[in-house]
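So you can see what is in the structure, the chains are spelled out below.
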Amino acid sequence: MRSAEAMVRSGRSSASKARGRRIAAAACNCAGILILVSVIALLLPAVLPRTVGVQVMRIESGSMEPTIPVGSAVFVAAGDPADAVAGDVIAFAHEDSTVVHRVTSNNVVEGALETKGDANADVDLERVPYANYQGLMVLSVPALGDILAVLTTTVGKVYLLAFAVCGVLFNVLAARLRAQA
């Protein structure tokens, strides 16, 4: 009787081990998928807009606050500067940088735009020639510019790659646990 009882106990033991492995496999699989989806979600705002001709820029000054806070990502679509109207937020080249300001007027005859930062008291001193126009802002996302700035550094890329490898390893571990169950 003892040997039959021992067999029943060992049968329960192996069944509970298999159930535990299946649960661990499911948890590892979910963690791996969640990590990989997170990596893809972090990369999409940097990559996807470029495929449709939209530039992604980071706001580095407070001239457009509170409408567009410092650290925001702005998505700028190319277009014709003659179509810009008062109230549009545009990006334009100024010296060695890109500026994002609101259009106050468009002088089509002169081929120049008058602009102003929302936080500035006065309009910009220099008008923006059409040649410096880069595009119209179609979207701004607070804090996303800071996140993308970190991800585009070498260290950020290494962390992102390491994070993706962890996701793949979780999925490999899940497959092995399923095979053992």
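Right above here is the structure, for reference.
All values reported here derive from a predicted model rather than from experimental measurement.

K.L.:
In this structure, what is going on with unusual backbone geometry? I would like to understand it.
P.N.:
Backbone phi values are negative for most residues with the exception of glycine, while trans is the configuration of most peptide bonds. A cis geometry characterises the amide bond from Glu 65 onward to Pro 66, with omega recorded as 0 degrees. With respect to the helices and strands, Pro 66 occurs in the loop between β1 (54–58) and β2 (73–77). A positive phi angle is found at Glu 95, which is not glycine, with a value near 55 degrees. Overall, Glu 95 belongs to the exposed group, its relative accessible area being 71%. Look at Ala 143: it is not a glycine, yet its phi comes out positive at around 70 degrees. By the secondary structure assignment, Ala 143 is in the loop between β7 (133–141) and α2 (144–151). With relative accessibility at 41%, the residue Ala 143 sits in the partly exposed group.

K.L.:
Explain the pattern of salt bridges to me, please; I cannot follow it from the model alone.
P.N.:
If charged atoms from side chains of opposite charge come close, those side chains can pair. Across all of its chains, the model carries five salt bridges by this definition. Between Arg 58 and Glu 60 there is a salt bridge; the shortest N-O distance is 3.8 Å. For Arg 58, a relative accessible area of 34% gives the class partly exposed. Given a relative accessible area of 64%, Glu 60 falls into the exposed group. For the salt bridge of Glu 114 with Arg 127, the shortest nitrogen-to-oxygen distance reads 3.9 Å. Remark: Arg 127 occurs in the loop between β5 (112–116) and β6 (128–129) and Glu 114 occurs in strand β5; sequence separation between them is 13 residues.

Quick notes on the rules
- Residues numbered from 1 in each chain as written.
- Predicted model: local features only at pLDDT ≥ 70, side-chain atom pairs only at ≥ 80, totals over all residues.
- Heavy atoms only, no water.
- Helix = DSSP H or I, 4+ residues; strand = E, 2+ residues; numbered from the N terminus.
- Buried < 20%, exposed > 50% of the residue type's maximum accessible area, 1.4 Å probe, protein only.
- Salt bridge = Lys/Arg side-chain N within 4 Å of Asp/Glu carboxyl O.

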